[in-house]
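# Results of the structural survey
Okay, here's what each chain looks like letter by letter:
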Amino acid sequence: MLELDIVIQRGDFVLPIQAQLNSTVTGIFGASGCGKSSLLSAIAGLLRPQQGQIILDGQTLFDSRKKINLAPQQRHIGLMFQDGQLFPHLSVKDNLLYGYQRLSRSEQHFHLAEICQLLEISHLFSRLPRQLSGGEKQRVALGRAVLYSPRLLLLDEPLSSLDETRKAQILPFLARVRDEVKIPMLYVSHALSEIDYLTKDIIYLNSQTKD
Amino acid sequence: MLELDIVIQRGDFVLPIQAQLNSTVTGIFGASGCGKSSLLSAIAGLLRPQQGQIILDGQTLFDSRKKINLAPQQRHIGLMFQDGQLFPHLSVKDNLLYGYQRLSRSEQHFHLAEICQLLEISHLFSRLPRQLSGGEKQRVALGRAVLYSPRLLLLDEPLSSLDETRKAQILPFLARVRDEVKIPMLYVSHALSEIDYLTKDIIYLNSQTKD
Amino acid sequence: MMYLSPEEWSALKLSFKVASFCTLVGIVPAIALAWLLARKQFWGKALLDATIHLPMVLPPVVPGYLLLLAFGHNGVIGHWLFNTFGWSFAFNWKGAVLASLVMSLPLMVQSIRLAIQLVDTRLEDAARTLGANNWSVLFSITLPLALPGILVGALLGFSRSLGEFGATITFVGNIADETRTLPLAIYSVIHQPDGEAMATRLIIISLLLAFAALLLSNYWSQRMQQRLGYQSHA
Amino acid sequence: MMYLSPEEWSALKLSFKVASFCTLVGIVPAIALAWLLARKQFWGKALLDATIHLPMVLPPVVPGYLLLLAFGHNGVIGHWLFNTFGWSFAFNWKGAVLASLVMSLPLMVQSIRLAIQLVDTRLEDAARTLGANNWSVLFSITLPLALPGILVGALLGFSRSLGEFGATITFVGNIADETRTLPLAIYSVIHQPDGEAMATRLIIISLLLAFAALLLSNYWSQRMQQRLGYQSHA
Amino acid sequence: TEQITLYAAASLTNALTEITKHYQTNHDVVIKTSFAGSSTLAKQIEAGAPAQVFASADVQWMDYLQKRNKLQSNSRKELLGNSLVLITPKNKTISVNMDKSFDLANAFTGKICTGDTASVPVGIYAKQALQNLGWWRNLEKRLVATEDVRTALAFVERGECALGIVYETDAKISDKVTIVGRFASQSHQKIVYPFALVAGASATSAEFFHYLQSDTAQAVFSKYGFVVLKP
Ligand SMILES: Nc1ncnc2c1ncn2[C@@H]1O[C@H](COP(=O)(O)OP(=O)(O)OP(=O)(O)O)[C@@H](O)[C@H]1O
Ligand SMILES: Nc1ncnc2c1ncn2[C@@H]1O[C@H](COP(=O)(O)OP(=O)(O)OP(=O)(O)O)[C@@H](O)[C@H]1O
Ligand code: MOO
Ligand SMILES: [Mg+2]
Ligand SMILES: [Mg+2]
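Residues numbered from 1 in each chain as written. Chains lettered and ligands numbered in written order. Predicted model: local features only at pLDDT ≥ 70, side-chain atom pairs only at ≥ 80, totals over all residues. Heavy atoms only, no water.

Turning our eyes to something else, we now look at the overall build of chain C. Across its full length, chain C holds 11 helices and 0 strands. Reading chain C from its N terminus to its C terminus gives the helix and strand order α-α-α-α-α-α-α-α-α-α-α. Overall, the C-alpha framework of chain C stretches about 65 × 50 × 30 Å when taken along its three principal axes. In chain C, which comprises 234 residues, the proportion classed as buried is 65%. A separation of at least 24 residues holds for 69% of the contacts in chain C among residues at least 6 apart in sequence. About 9,200 Å² of surface is accessible on chain C, with carbon and sulfur atoms providing 70% of the total. A distance of 11 Å separates the average location of the 14 positive side-chain charges in chain C from that of its 11 negative side-chain charges. (Helix = DSSP H or I, 4+ residues; strand = E, 2+ residues; numbered from the N terminus. Buried < 20%, exposed > 50% of the residue type's maximum accessible area, 1.4 Å probe, protein only. Contact = heavy atoms within 4.5 Å. Areas by Shrake-Rupley, 256 points an atom, 1.4 Å probe, with all protein chains shown as cover. Lys, Arg positive; Asp, Glu negative; His and termini not counted. Charge placed at Lys NZ, Arg CZ, Asp CG, Glu CD.)

Here it is as structure tokens:
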């Protein structure tokens, strides 16, 4: 369970969010620029909220009053970035294994081969990110985040560059991750159909600008 | 009119394309990694085809036999990149004007204010690209390509990160560009609905891998 | 604050003049060479690269001596330059600039080259699809993005020039008001019996000058990095 | 090919040894300092930056003399080092390494710092969300991406060390087989009336050594750039 | 006002600076000086440097220019002399007998320093003297060669070297060293500082060159410890 009560600020942009997320998948929906990616960054520990607190399964990740702010690497929260952020100097395989290899055996809930087959990226293993197409990058980024078997998976428009066939393959997989491995997710998307497939719980974000 | 008869190769990936594009908008459709972006790069002059020729409105842009290969800047073809490729050191405004300011008055078919109002990016003028959200970047990239008033506009998944409201605003605008300013377009998208809105002419790409 | 004697003033002004000219005159060729080495493949590239670097790996008297042979009054190039343009580098401050330049060029070229290599060529491509020709791409994309490296190059060039001793004294001698920069003045006073106090003063002057250059360059580079967005996400 | 006299061999081997040690010993502190200066804000940062740079802007005899004061047998640090660890830098090749190091550190630090500044911090963030702690981020992301700068730094450091003369002779003197590197040998013969032929031989030896270092570093950096994807779109 | 350019060995810096200052107050000339190693200066003069008066710290570089016809004929004068001494740090003196029977190598521990024995005048003289006394062979390995006399002096002043061989002029100006021996003047080539007018020197510079030989100038040289050689 994720309890959020924070205020995010970026320049003139201010977004106060209060929410209690109980279901395993929560969709996040909102216009471009409304603060979806910023929210995920804040949860992952990359963006420090102005104030408030973030509590995940009883553990305080951030609390401005108690001056608690766990580092991203201590949170074990997987974030799939909107723009991939693949490591340009590492092969696809090394990108995929980057988080995975830091886990103990018991924490590894997936197999490399399995994930890659599903995402159809096995043939890309030895490539560098710059040698990938847009959709291939996106699939590798998704694979990297999932393989890290996080306590909470943050997905920022994970399927936006993919064709319908691939979407139709990957969505059921995410449903399996939700049901079998029981990794809770926040799912940002502009496609209501994708969100609908995974959950009925949706947060609608509306930003306000400081003046 | 665009006549294509080329073979594109990238590593193991080989894509032969033969096509005569006569309508003002042509949709390009195909699975992730099938070569859509590569095709646009080749037409823009950024990727040199293995062989063949590209002729636009009677002008040879590329001909491997005659050893003709016009530089990108001589083609006056606008390309909106899949990943934006905004100039990180220039403000949003300077990014938008980058191509525009190189045009003579008579070549400028649009007004900055008009385009920005439509794309809702006017309030971002003084920002740097890194201060934009994913969808904001995409809109700036689209604006930059359109303002360049090219002879041919290549759009690589231009609306993938945008919400439905914005899509519903921008698609009619692209239709106007097609009908009023008569700029022909190649439109890459995974969303058939977007393509359908603009044209009935669609190229389905199927790649083959060299072995 | 201490007062400077006329000799100290003269050495300070000269050092500043020589280092400034060295940086200003050198930066353009340095950028050109850096760009060539970073982005072009051509015959003789390794040789050009090596030639630029040679002055670094030799004791500075050697480049100084070779400059003397080439650019002295009786040197082949010096003779020709004098007859053709009336220019002379021999035993004047311009020669000191030339000596500094030869010694600092490799430093400038390497930093700028490094920064150019790290500029993403896809951004240059994007500029081309917006009608920018090669020059525009260079001036509007490549160089602005390589600016941190250009600044570092300028700083290293300026610093190296401030400290240049061996090549300068060998090429143009140690002439008061003309070629006696701070390092040469320090050398001169070290050779005087009670020179340590004077040397200390001159060293402090050098350090202040260098410190000012460093602070200025840091200030610039900080502003630039904020602008270019290298420093973290805000 | 010419045959080398024993003295020439000795100077060549010594130069290679000193420059190699200088680069190897210096690169780790250089990386640490570069990282600090590139990524951290702390009190005294400007001062640290300046201190590293000072040896560059002074005539090399001054740092050499200061080293003598500090690290000589009777210098404060030298005395302590000798009593505590039995180490001595006075009049031996280790002192030559120290002198080279002081002179080349600013060059190494600046190049590496530049490259680190140009690494996108968002990639470091991405690594953190995958469980990498600060050290892992440094070693798996920052440094590999800054590798071109580290190589340039190493090359500049090696080259500067190969050419180092003033600080070395002032700190450790010119002792055959111990501190007489190529620059010191060249200096000695070039100041003899009929030394030119000998100087030429030594200069050629220096150049060959430098050229080899340059080619090697270019080869590495080319491979690396291909790997890191800096060179154009394939 | 006319200009005179004086190229002089670095070891003459202090004396000549005082002399030229004094001369300029009494004469309507500007004297430009360039102080560097004698070899550097000689090569610059050979390459056409605008020198009018040259003061060398040794004979060989004056010979070098003379052979190349760069000097005004017959102007060469051996104005100053010096002597070579053995020094120790002030508080670490040793007693030395300056003759062949004495075993210097075993009389001290540590290093001995002097100018580079191939290129720096003081080192060249030192080597000759040591060879003459039969000490060279045993000391060669312990020799620290320096770029110039001043560095050798500094090594001894700091106690880094147990012994040093420098000019008497240098030893005298330092209160941190003790002269423990004087090399016999016949044990090495005569130490002289030849002065000359460079070919094409003006009349004004000839006048100044004359002044350098005057009693007033020589008093200054003496003050700095040089031996004034009477012609
Ligand atoms: N530099 C490269 N080296 C080798 N292969 C490459 C390189 N760049 C792209 N490819 C391959 O070429 C194929 C076509 O890539 P392209 O980017 O054109 O695909 P796309 O149709 O745009 O896909 P997407 O919809 O995912 O963006 C892909 O299979 C990709 O893996
Ligand atoms: N560094 C920054 N400085 C100032 N404003 C910023 C910065 N980064 C983002 N913003 C602003 O913050 C708001 C939220 O950005 P965010 O990236 O969270 O949006 P988003 O909901 O993910 O949008 P999209 O769907 O377009 O990706 C936007 O209005 C954006 O302009
Ligand atoms: O002419 Mo010098 O100063 O003894 O080398
Ligand atoms: Mg976003
Ligand atoms: Mg694509």
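After that view of the structure, there is still more to cover.
Surveying the vicinity of ligand 1 reveals 19 residues, the closest of which are Arg127(A), Ser133(A), Gly135(A), Lys36(B) and Ser38(B). The local environment of ligand 1 is shared, drawing residues from chains A and B. Interatomic distance of 3.1 Å between a backbone N/O atom of Gly134(A) and an oxygen atom of ligand 1. Within the side chain of Ser32(B), one N or O atom sits 2.8 Å away from an oxygen atom of ligand 1. Coverage of ligand 1 by the protein chains reaches 94% of its 640 Å² of free accessible surface. Residue assignment for the shell around ligand 1 shows that the elements contributing at least two residues are α5 (134-147) of chain A together with α1 (36-44) of chain B. Residues of the shell around ligand 1, tallied by class, amount to 2 nonpolar, 12 polar and 5 charged. (Near = heavy atom within 4 Å. Polar contact = N/O pair within 3.5 Å; in protein donor to acceptor, adjacent residues only side chain to side chain. Nonpolar A, V, L, I, M, F, W, Y, C, P; charged D, E, K, R; others polar.)

As a further point, take a nonpolar patch on the surface. Residue and element names in this part refer to chain C. A cluster of nonpolar side chains, Val76, Ile77, Trp80, Phe85 and Trp87, forms an exposed patch at the surface whose accessible area comes to about 580 Å². For Ile77, the position within the fold is in helix α4 (residues 76-85). For Ile77, a relative accessible area of 36% gives the class partly exposed. (Patch = residues over 30% accessible without salt bridge, like charges linked within 9 Å, V, L, I, M, F, W, Y side chains within 5 Å. Salt bridge = Lys/Arg side-chain N within 4 Å of Asp/Glu carboxyl O.)

The next point concerns the pairing of strand β8 (residues 152-156) of chain A. All names here are of chain A. Of all 5 residues in β8, 5 are buried; the element is thus mostly enclosed. Every second residue of β8 is oriented toward a common face, with Leu152, Leu154 and Asp156 on one face and Leu153 and Leu155 on the other, all of them buried. Sheet topology note: the strand β7 (residues 77-80)/β8 ladder contains 4 bridges and is parallel. Bridged to Ile77 within β8 is Leu152. One ladder, built from 4 bridges, connects β8 with strand β9 (residues 185-188); its direction is parallel. Residue pairing for β9: Leu155 is matched across the bridge by Tyr187. In this fold, β8 hands off to helix α6 (residues 164-181), which returns the chain to β9; that crossover is right-handed. (Pairing = 2+ DSSP bridges. Right-handed = clockwise from strand over helix to strand, strands pointing away.)

Quick look at the interface of chain D and chain C now. A common measure of how large an interface is: the accessible area buried when the components associate. Each partner contributes residues to the interface: chain D has 55 residues there, and chain C has 53 residues. Three residues, Val57(D), Leu114(D) and Leu118(D), lead the burial of chain D against chain C; their summed loss comes to 13% of the area buried on that side. In this structure, the connection of chain D to chain C is made through 0 salt bridges. The interface formed by chain D and chain C includes 3 residue pairs in polar contact (both at pLDDT 80 or more). (Buried area = accessible area lost by both parts, 1.4 Å probe.)

Let's shift gears to the coordination of the magnesium ion (ligand 4). Residue and element names in this part refer to chain A. Donor atoms from the polypeptide that coordinate the magnesium ion (ligand 4) comprise Ser37 (OG) and Gln82 (OE1), at 1.9 to 2.2 Å from the metal. Of the two residues, Ser37 is situated in helix α1 (residues 36-44) and Gln82 in the loop between β7 and α3 (92-100); the sequence distance between them amounts to 45 residues. Overall, the relative accessible area of 25% leaves Ser37 in the partly exposed class. (Donors = N, O, S within 2.8 Å, 3.2 Å for Na, K, Ca; no water.)

Below, the discussion takes up the nonpolar core. The tendency in soluble globular proteins is for nonpolar side chains to be buried side by side. In this structure, Leu16(E), Leu84(E) and Phe195(E) are the most contacted members of the largest nonpolar core, which totals 322 residues. Contact partners of Phe195(E), with chain neighbours within four places excluded, come to Leu12(E), Phe54(E), Ala55(E), Met62(E), Ser75(E), Arg76(E), Lys77(E), Leu79(E), Leu80(E), Phe209(E), Leu212(E) and Phe221(E). (Core = buried A, V, L, I, M, F, W, Y, C linked by side-chain atoms within 4.5 Å.)

Another point: the packing of aromatic side chains. Overall, the coordinates contain 29 aromatic pairs over all chains when judged by the stated rule. Feature note: the residues Tyr167(E), Tyr193(E), Phe195(E), Phe221(E) and Phe226(E) constitute an aromatic cluster, connected by ring pairs. A cation sits over an aromatic face here: Lys17(C) above Trp93(C), 4.2 Å from the ring centre. (Phe/Tyr/Trp six-rings, centres within 6.5 Å; stacked < 30°, edge-to-face > 60°. Lys NZ or Arg CZ within 6 Å of the ring centre and 35° of its normal.)

What follows covers the pattern of salt bridges. The final tally for this structure, using the stated rule, is 34 salt bridges over all chains. Measuring nitrogen to oxygen at the nearest pair gives 3.7 Å for the salt bridge that ties Glu180(B) to Arg176(B). Residue Glu180(B) and its partner Arg176(B) are located together in helix α6 (residues 164-181), separated by 4 residues, close to a single helical turn. Classification of Arg176(B) as partly exposed rests on a relative accessible area of 36%. Residues joined in a network through salt bridges with shared partners are Glu114(A), Arg176(A) and Glu180(A).

Within this structure, the stated rule accounts for 12 cavities of 30 Å³ or more. Its volume calculated, the largest cavity comes out at about 540 Å³. Lining the largest cavity are 38 residues, and of these Tyr187(C), Tyr187(D), Gly37(E), Glu147(E) and Asp148(E) lie nearest its centre. Per-class residue counts for the lining of the largest cavity are 19 nonpolar, 11 polar and 8 charged. (1 Å grid on protein atoms, 1.4 Å probe; cavity = no way out; pocket = protein on both sides within 12 Å on 5 of 7 lines; lining within 4 Å. Points joined across faces, edges and corners; volume = space filled by probe spheres on them.)

All names here are of chain E. All residues adjacent to ligand 3 are Ala9, Ala10, Ser11, Gly37, Ser38, Ala57 and Pro121. Backbone polar atom of Ala10 to an oxygen atom of ligand 3: 3.5 Å apart, as the coordinates give it. A distance of 2.5 Å is found between an oxygen atom of ligand 3 and a side-chain nitrogen or oxygen belonging to Ser38. Because more than half of its atoms lie within 2 Å of the grid, ligand 3 is assigned to the largest cavity. Tallied by class, residues from the shell around ligand 3 come to 4 nonpolar, 3 polar and no charged. (Sits in = over half its atoms within 2 Å of the grid points.)

If you trace the backbone, Arg139(A) turns up in helix α5. Buried charge without a salt bridge: Arg139(A), with Glu136(A) as the nearest opposite-charge side chain at an N-O distance of 4.5 Å. In this structure, Arg139(A) is in contact with Leu119(A), Glu120(A), Ile121(A), Leu162(A), Arg166(A), Ile170(A) and Ser32(B), ignoring residues within four places of it in sequence.

Turning our eyes to something else, we now look at the confidence of the model for chain A. Parts of the model with low pLDDT should not have their predicted coordinates read in detail. Summing up the model confidence of chain A, the mean pLDDT is 91 and the portion of residues at 70 or higher is 98%. By mean pLDDT, strand β11 (residues 208-209) of chain A is the weakest element of chain A at 54, and α3(A) is the strongest at 96. (pLDDT = per-residue confidence, 0-100.)

To continue, consider the relation of the copies chain D and chain C. When chain D is fitted onto chain C, the two copies agree to an RMSD of 0.3 Å after a turn of 180 degrees and an axial shift of 0.1 Å. The symmetry that links the two subunits is that of a two-fold axis. It is Ser111(D) whose C-alpha, among those of chain D, lies nearest the rotation axis, at 3.1 Å. The residues that chain D uses at the interface reappear at the interface of chain C in 96% of cases, marking a shared surface. (Least-squares fit on C-alpha atoms with pLDDT ≥ 70 in both.)

What follows covers the interface of chain B and chain C. Taken together, the contact pairs 21 residues of chain B with 26 residues of chain C. With both sides pooled, the region where chain B packs onto chain C buries about 2,000 Å², and carbon together with sulfur makes up 61% of that total. Together, Gln73(B), His89(B) and Arg130(B) form the three largest contributors to the area buried by chain B at its contact with chain C, with a combined 32%. At the boundary of chain B with chain C, the tally comes to 0 salt bridges. Our count for the contact surface shared by chain B and chain C stands at 5 residue pairs in polar contact (both at pLDDT 80 or more). Of all the secondary-structure elements, those providing two or more residues to the side of chain B that touches chain C are α2 (72-75), β7 (77-80) and α3 (92-100) of chain B. For the side of chain B that touches chain C, the leading source of residues is β7(B), giving 3 residues.

Turning our eyes to something else, we now look at the sheet that holds strand β3 (residues 25-29) of chain A. All names here are of chain A. Judged by pairing direction, the sheet is parallel, and its 5 strands sit side by side in the order β7-β8-β9-β3-β10 without closing on themselves. Each edge of the open sheet carries a strand with a single partner, namely β7 and β10 (202-204). Strand-to-strand twist in this sheet, taken as the mean axis angle between neighbours without regard to direction, amounts to 15 degrees. Contacting β3, β7, β8 and β9, α1 crosses the sheet at an angle of about 155 degrees to β8. Relative to β7, α5 is tilted by about 175 degrees, and along the sheet it contacts β7 and β8. (Axes fitted to C-alpha atoms, helices over the stretch in contact; angles between N-to-C directions.)

Time to look at helix α4 (residues 112-119) of chain B. Residues and elements named next belong to chain B. Every buried residue of α4 is listed here: Leu112, Ile115, Cys116 and Leu119. One side of α4 holds all its buried residues, which, seen down the axis, span an arc of 95 degrees. Relative to its buried face, α4 has exposed residues pointing more than 90 degrees away, namely Ala113 and Gln117. Against the buried residues of α4 lie α3, α5 (134-147) and α6. One or two positions beyond α4, positive phi appears at Glu120, with a value near 55 degrees. (Arc of directions from axis to C-beta.)

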